[in-house]
Amino acid sequence: MPLWLDLTVRVGAVVAAFLVLPLVVGQAEHKVMAHMQGRLGPMYAGAFHGWAQLVADGVKFVQKEDITPRDADRRVFQLAPLVALFPYLVVLLAIPLGPGGLVAQALDVGLFFVLAVLGVGVVAVLMSAWASANKYSLLGGLRGAAQLLGYELPLVLSAASVAMAAGTLSLPGIVEAWSPWWLLWQAPAALVFFVSGLAEIRRPPFDMPIADSELVFGYMTEYSGLRFAFFLLAEYVGIVVIAALTTVLFLGGWHGPAAEQLGWLWTLLKVFAVSFVIIWLRVTYPRLREDQLQRLCWLVLVPVALGQLVLTAAVKVAL
């Protein structure tokens, strides 16, 4: 296959996944939350199990007026939703779906690349907060910046543990080095990574930056129409990315029966299982206060991640 055609196919597949998987997760969230909370509304649109609810939401956002506040920094305000989406699209390029090079771009430093790009998310939060010329948006942006900068540390430390265990920063290499006993050995790191990932994408119970009961909708308060929909899409893509990274780093990625033929299916099943847990947590736990959120980060997750690093180093030396 010519290089240009191979590149086109890989990029096209990633863009398709970027557009389709978040919608599937969004539809699943509608249904899962409806069942857990006994809400009948999301089950009506389109008759059978409310299959058209997501379509109805999309039409609603398209029809809404796109408003930019008079005192806003217009260019920054309009660019922020795209900056929120772009890092997740780039990250998907490096996540392996299956064995045999089933990845858009295999990088020797893939884990480093992914964690570095995920850190760009704080820029979109600050852009939208500052450019909105709204005190609620600014407060939400400051909360978001403190949260994202804090939870970066346990996220990176827990990922470093599994990279040390595998002896590589390559994401396909980490999956290949994985063995079932890692489910026990790296369990603390997996928990720290998952919780920190939830905080990074600002999902409940880590949604202090948008706290609707206090800040209207935080840094997204002044957004409407398609730009608001882009922020919501970024949240769902974030769910897919965190679930995919958890799967690749800690759950064995494509490992499973008939992995050579069905590895891609095992990866997707694990991604959707982790995504279900993320949705489940939204329904189950109330929002953390700011002091609780920071205490969890610095007094629980960081020490556990550091302890896991020491354990991993000891095991590697012993073996």
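Residues numbered from 1 in each chain as written. Predicted model: local features only at pLDDT ≥ 70, side-chain atom pairs only at ≥ 80, totals over all residues. Heavy atoms only, no water.

A. Inspection of the overall build of the protein chain at higher detail. On a plain count of helices and strands, the protein chain comes out with 13 helices and zero strands. In the protein chain, the succession of α and β elements from N to C terminus is α-α-α-α-α-α-α-α-α-α-α-α-α. Relative to the globule expectation of 20 Å for 319 residues, the C-alpha radius of gyration of the protein chain, 20 Å, shows essentially globular dimensions. Once the C-alpha set of the protein chain is aligned to its principal axes, its extents read approximately 60 × 45 × 45 Å. Taken over 319 residues, the protein chain has a buried fraction of 50%. (Helix = DSSP H or I, 4+ residues; strand = E, 2+ residues; numbered from the N terminus. Rg over C-alpha atoms; globule rule 2.2 N^0.38 Å. Buried < 20%, exposed > 50% of the residue type's maximum accessible area, 1.4 Å probe, protein only.)

B. Representation of the UniProt feature "transmembrane region" (unreviewed entry) in the protein chain in the model. The positions UniProt marks with the feature "transmembrane region" (unreviewed entry) are residues 7-26, 79-97, 109-132, 153-175, 181-199, 228-251, 263-284 and 296-315. The annotated region residues 109-132 carries 83% helix and 0% strand content, and the separation between its end C-alpha atoms amounts to 37 Å. Between the end C-alpha atoms of residues 153-175 the distance is 23 Å, and the span holds 83% helix and 0% strand. (UniProt positions renumbered as here; feature names shortened; annotations may be inferred.)

C. Looking closely at the pattern of salt bridges. Under the defined criterion, the tally for this structure stands at six salt bridges. A salt bridge links arginine 287 to aspartate 207, with the nearest nitrogen and oxygen atoms 3.0 Å apart. One end of the pair, arginine 287, is in the loop between helix 12 (259-284) and helix 13 (290-318); the other, aspartate 207, is in the loop between helix 9 (187-200) and helix 10 (212-215), with 80 residues separating them in the sequence. The class of aspartate 207 is buried, set by a relative accessible area of 8%. (Salt bridge = Lys/Arg side-chain N within 4 Å of Asp/Glu carboxyl O.)

D. Structural view of a nonpolar patch on the surface. Taken together, Leu7, Val11, Val15, Leu19, Val20 and Val24 make up a surface patch of nonpolar side chains, about 460 Å² in accessible area. Tracing the chain through its elements places leucine 7 in helix 1 (residues 3-37). (Patch = residues over 30% accessible without salt bridge, like charges linked within 9 Å, V, L, I, M, F, W, Y side chains within 5 Å. Areas by Shrake-Rupley, 256 points an atom, 1.4 Å probe, with all protein chains shown as cover.)

E. Geometry of the side chain of threonine 247. Examined against the element boundaries, threonine 247 turns out to sit in helix 11 (residues 225-250). Threonine 247 has contacts with Gly252, Gly253, Thr267, Lys270, Val271 and Val274, leaving out every residue within four places of it along the chain. (Contact = heavy atoms within 4.5 Å.)

F. Spatial organisation of the environment of isoleucine 210. Here isoleucine 210 lies in the loop between helix 9 and helix 10. Accessibility expressed as a relative area gives 12% for isoleucine 210, which makes it buried. Residues isoleucine 210 and glycine 140, 70 residues apart in the sequence, show an inter-C-alpha distance of 5.9 Å. Setting aside anything within four residues of it in sequence, one finds isoleucine 210 in contact with Val216, Phe217, Gly218, Tyr219 and Met220.

G. Main features of the environment of leucine 85. Relative to the assigned elements, leucine 85 resides in helix 3 (residues 74-92). Spatially, the C-alpha atoms of leucine 85 and glutamine 37 are 29 Å apart, while their sequence positions differ by 48 residues. If near-sequence neighbours (up to four positions away) are discounted, leucine 85 is found in contact with Phe18, Phe230, Leu233, Ala234 and Val237.

H. Here's a closer look at the packing of aromatic side chains. This structure, assessed with the given rule, holds eight aromatic pairs. Ring centres of phenylalanine 77 and tyrosine 223 lie 4.1 Å apart, and the angle between their planes is 5°; on these two criteria the pair is classed as stacked. Of the two residues, phenylalanine 77 sits in helix 3 while tyrosine 223 sits in the loop between helix 10 and helix 11, which places them 146 residues apart along the sequence. Measuring from centroid to centroid gives 5.9 Å for phenylalanine 276 and tryptophan 280, while their planes differ by 45°, and the two rings are tilted. Here phenylalanine 276 pairs with tryptophan 280, and both are found in helix 12, just four residues apart, close to one helical turn. Residue classification places tryptophan 280 among the partly exposed residues on the basis of a relative accessible area of 44%. Feature note: the residues Phe77, Tyr219, Tyr223 and Phe231 constitute an aromatic cluster, connected by ring pairs. (Phe/Tyr/Trp six-rings, centres within 6.5 Å; stacked < 30°, edge-to-face > 60°.)

I. Examining helix 12 more closely. The sharpest bend along helix 12 comes to roughly 30°, located at leucine 265. Where helix 12 is concerned, the buried positions are Ala259, Gly263, Thr267, Lys270, Val271, Val274, Ser275, Ile278, Ile279 and Leu281. (Bend = angle between axes of the 7 residues up to and from the residue.)

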